[in-house]
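What the coordinates show
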Amino acid sequence: MLLILINWIYIFISSLSFGFLLKKLFKIDNHNFTIHHILGLFSITLFSWSYAFFFPLDIVFYAIMNCINIAGMLYFKREFKMQLNQCKISWLSFSKTYKFGFLFIFIIALAMSSVAPSIFDNESYYIQTIKWLNEYGFVKGLGNLHIFFAQTSSWHILQAAFTFPFLETNFNDLNGFFLIVFSFYCFQQLYQFKSTQKIDQLYIGSVLIGLPFMIFFINAPSPDLPVFLISQLLFYLFMKYFNKIDYSNFILILLLTIFLCVIKITTCVLILLPLILFVKHYKVLKINLVKPIVFSLFVVGLFLMKNVVLTGYLLYPLQILDVLNVDWKVPTELIQLFKVGTYNAAFDYQDLNSLSTYQLFIAWITSFKFNGIINIIFVVLLVSFPFLWYLKSKEKSVFILYLIGVLNFVLAWVFSPQYRFFFFYMLFFAMQICVWFFRKEKIIMLFTYLSLLLSLVPFLTELKLSNYTTIKKTNIKTSLLKPKNILQPNVNSSMSADFEQHIENGFHYNSPTKESYFWTVGDIPLPAVNVKQISFIKEHYKIVPSLRTGNFEDGFKSVDSE
């Protein structure tokens, strides 16, 4: 916990320093502590992303980043002090109830970040994606080695900037830091609600009620947690500035939307929010379009270049605009395997052949345990929300968000209706309904404190997550905090560090031991992929991975096994 706290201080200083870059570039007149740090994290992401095309995010990168941090602290010395002072003022204004709640979340996040991760995707591709970034940067055709490696969320790029791979302890705690920063914002808005009585502030403050669920996403760099939280901030700002907006707040909404999209492309429907605001307030915003357009094109360019390098496709996993002919292009068979697997995961890997849409829906809402329960709750919220909105709100901006939520679910249904892809809207629906019926800050705080107590469950007993999710063939479970974790965090993987060396068509690779699941790799030396996966793809698709040259830096390609 102590080492993680030190790393959080480093992330804090870095995001504070980098936060001035986007704010100065777009002249954003918002001095909120949390928003500043989110913009700082976005700036670091873009810097790391650009750097990784040419070099690994290794000790040299960390040295350069530290120089930028120091330069930023010196150049923005006055603004630096002002940010810290405003944070202090907000903290002093909090009641004892707020202070205790925030410190409770701080300790819980710190403790949870210190135990072994329990997220399946952490073992299948989070760890390895970050290792590749730290040791080689972006590698051509990496998706040929393991199709999951082709995703490389910008959140993993950001985590790679704070992992410190050259130290004995590799950090994996970005999500814990982000939860702390966002929690501060929630308490700020709850405090301000007592004087303004604006229902939107009560809504954003109520987001912490979802902590018992979100806590499971803390100890791994899951992109889902920032999506859950940043989306709520985006919705709040959209409602707040729907009727009247200036350039500064429009740019802020645009930047948050872009950040969300590059963290998880499944949130791309949210790009409608800044577009709606732009059309509605065209006369006010039309005079300052050059910078946001150029910036948006720059980020889109980074996204397309990343896809091309990792897969050979511009819009991976979509194969439209397949105009490039490169030798590292991921075969269609592997992309189809990824798509089918991702879709079937939402239905508990049931046989979906010959099922009608109605039968698919029934299979979806009756999915295995936790997934089915979440799906049913979401459907109830989706159906009931417009009626409750008519009775309790009638705010046009809220209904627009609802319609976009319906569109988001339709798209999720087409590609993969896993709850992770629409939970952020489920959180929005639930918290809006909550504040419609309970318009008292004290009641919301009571619910928040009950949620804080429920968030202790993972520390009191080990939960075998395969009993609650679709990944039933794994033995992943939550870990209890041990005395040694007070100083040093646990390792980044819940899997065994044992591995075997294999050779396939002259390609040498490392594989986890036999008790591992098909897609999992864990934290073993590069290049790593599960031998079960290699054997399965070889048997069914006659494809095996191979080096493009004799060096890992030059990337991978797929070749025929026969």
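Scroll up to find the structure this text is about.
Along the backbone of the chain there are 23 helices and 4 strands. On C-alpha atoms alone, the chain measures out to a radius of gyration of 23 Å, which is about the 24 Å that the 2.2 N^0.38 rule sets for 562 residues. Along the first, second and third principal axes, the C-alpha set of the chain runs to 70 × 60 × 55 Å. Taking all 562 residues of the chain together, the buried fraction comes to 59%. The contacts in the chain between residues at least 6 apart in sequence include a share of 70% that link residues at least 24 apart.

The next thing to look at is the pairing of strand β2 (residues 507–512). In terms of residue burial, β2 counts as a mostly covered element, since 5 of its 6 residues are buried. As defined by bridge partners, strand β1 (residues 499–504) adjoins β2 across 6 bridges and the pair is classed as antiparallel. Across the sheet, residue Phe499 finds its bridge partner in β2, namely Pro512. The hairpin turn running from β1 into β2, its antiparallel successor, is 2 residues long, and Asn505 in that turn takes a positive phi close to 55°.

Counted by the stated rule, this structure contains 87 aromatic pairs. Arranged with centres 6.3 Å apart and planes meeting at 45°, the rings of Trp155 and Phe259 form a pair that is tilted. Placement of Trp155 in helix α7 (residues 154–160) and of Phe259 in helix α12 (residues 247–263) is noted, with a sequence separation of 104 residues between them. Summarising the burial analysis for this pair, Trp155 and Phe259 share the class buried. Stacked on the ring of Phe437, the Lys or Arg Lys392 has its end atom at 4.7 Å from the ring centre.

Helix-helix packing is characterised by the crossing angle of the two axes and by the distance between the axes. The contact between helix α8 (residues 174–196) and helix α11 (residues 224–240) brings their axes to 10 Å, and the two run at 25°. The pairing of α8 with α11 is recorded here as roughly parallel in orientation. The interaxial crossing formed by α8 with α11 has left-handed handedness. Side by side, α8 and α11 meet where Asn175, Phe178, Leu179, Phe182, Tyr185 and Gln189 of the first sit next to Leu225, Pro226, Leu229, Ile230, Leu233 and Tyr236 of the second.

Taken together, the side chains of Ile271, Leu272, Leu275, Leu318, Ile320, Leu321, Leu407, Val410, Leu411, Val414 and Phe415 define a hydrophobic patch exposed on the protein surface, amounting to about 930 Å² of accessible area. At the level of secondary structure, the elements contributing two or more residues to the nonpolar patch comprise α13 (272–280) and α19 (396–415). Among the elements that line the nonpolar patch, the one with the most residues is α19, at 5 residues. The topology assignment puts Leu407 in helix α19.

Attention now goes to helix α16 (residues 332–345). Helical geometry note: an α-helix holds 3.6 residues per turn, so side chains three or four residues apart project in the same direction. Helix length check: α16, at 14 residues, gives a terminal C-alpha distance of 20 Å against a target of 20 Å (1.5 Å per residue), a fit within 8%. Looking only at α16, the buried set comprises Leu334, Ile335, Leu337, Phe338, Thr342, Tyr343, Asn344 and Ala345. The secondary structure elements touched by the buried residues of α16 are α17 (357–365), α19, α23 (531–541) and β4 (556–560).

Turning to the side chain of Gln128, a few remarks are in order. Tracing the chain through its elements places Gln128 in helix α6 (residues 120–135). What makes Gln128 buried here is its relative accessible area of 0%. For Gln128, the contacting residues outside a window of four places in its chain are Phe149, Val521, Gly522, Asp523, Ile524, Leu526 and Ala528.

The subject of this paragraph is the side chain of Ser17. Relative to the elements of secondary structure, Ser17 occurs in helix α1 (residues 2–26). At a separation of 3.2 Å, a polar atom in the side chain of Ser17 contacts the main-chain carbonyl oxygen of Asn69. Residues contacting Ser17, with those up to four places away along its chain left out, are Ile68, Asn69, Gly72, Met73 and Phe80.

We now examine the state of the cysteines. Per the counting criterion, the structure on display carries 0 disulfides. In this model Cys87 remains outside any disulfide bridge; the closest cysteine sulfur is found in Cys186, 14 Å from its own. Cys268 takes part in no disulfide bond, and the closest cysteine sulfur, belonging to Cys261, lies 6.2 Å away.

Moving on, we get to the environment of Tyr349. The topology assignment puts Tyr349 in the loop between α16 and α17. Judged by relative accessible area, Tyr349 falls into the partly exposed class, the value being 41%. Sequence spacing of Tyr349 and Phe368 is 19 residues, and the spatial spacing of their C-alpha atoms is 9.7 Å.

In this section: the environment of Leu25. Note that Leu25 resides in helix α1. In sequence terms Leu25 and Phe100 are 75 residues apart; their C-alpha atoms lie 37 Å from each other.

Below, the discussion takes up unusual backbone geometry. For the bond running from Tyr316 to Pro317, omega is 5°, close enough to zero to count as cis. Mapped onto the secondary structure, Pro317 falls in the loop between α15 (290–311) and α16. The omega angle of the peptide bond from Leu526 to Pro527 is -10°, so this bond is cis rather than trans. Within the secondary structure, Pro527 is located in the loop between β2 and α23. The backbone phi angle of Gln197 is positive, close to 60°, even though this residue is not glycine. Looking at the secondary structure, you find Gln197 in the loop between α8 and α9 (199–205). In this structure, Lys542 takes a positive phi of about 60° despite not being glycine. Note on placement: Lys542 falls in the loop between α23 and β3 (543–547). The exposure class assigned to Lys542 is partly exposed, which follows from its relative accessible area of 37%.

What follows covers the environment of Ala150. In this structure, Ala150 sits in the loop between α6 and α7. We classify Ala150 as buried; its relative accessible area is 0%. Put simply, Ala150 and Asn307 are 157 residues apart on the chain and 7.5 Å apart in space, counted from C-alpha to C-alpha. Contacts of Ala150, omitting those with residues within four sequence positions, involve Gly143, Leu310, Thr311 and Tyr316.

Conventions adopted
- Residues numbered from 1 in each chain as written.
- Predicted model: local features only at pLDDT ≥ 70, side-chain atom pairs only at ≥ 80, totals over all residues.
- Heavy atoms only, no water.
- Helix = DSSP H or I, 4+ residues; strand = E, 2+ residues; numbered from the N terminus.
- Rg over C-alpha atoms; globule rule 2.2 N^0.38 Å.
- Buried < 20%, exposed > 50% of the residue type's maximum accessible area, 1.4 Å probe, protein only.
- Contact = heavy atoms within 4.5 Å.
- Pairing = 2+ DSSP bridges.
- Phe/Tyr/Trp six-rings, centres within 6.5 Å; stacked < 30°, edge-to-face > 60°.
- Lys NZ or Arg CZ within 6 Å of the ring centre and 35° of its normal.
- Axes fitted to C-alpha atoms, helices over the stretch in contact; angles between N-to-C directions.
- Parallel < 35°, antiparallel > 145°, perpendicular 65-115°, else oblique.
- Left-handed = near helix turned anticlockwise from the far one by under 90°.
- Patch = residues over 30% accessible without salt bridge, like charges linked within 9 Å, V, L, I, M, F, W, Y side chains within 5 Å.
- Areas by Shrake-Rupley, 256 points an atom, 1.4 Å probe, with all protein chains shown as cover.
- Salt bridge = Lys/Arg side-chain N within 4 Å of Asp/Glu carboxyl O.
- Expected span 1.5 Å × (residues − 1).
- Polar contact = N/O pair within 3.5 Å; in protein donor to acceptor, adjacent residues only side chain to side chain.
- Disulfide = S-S within 2.5 Å.

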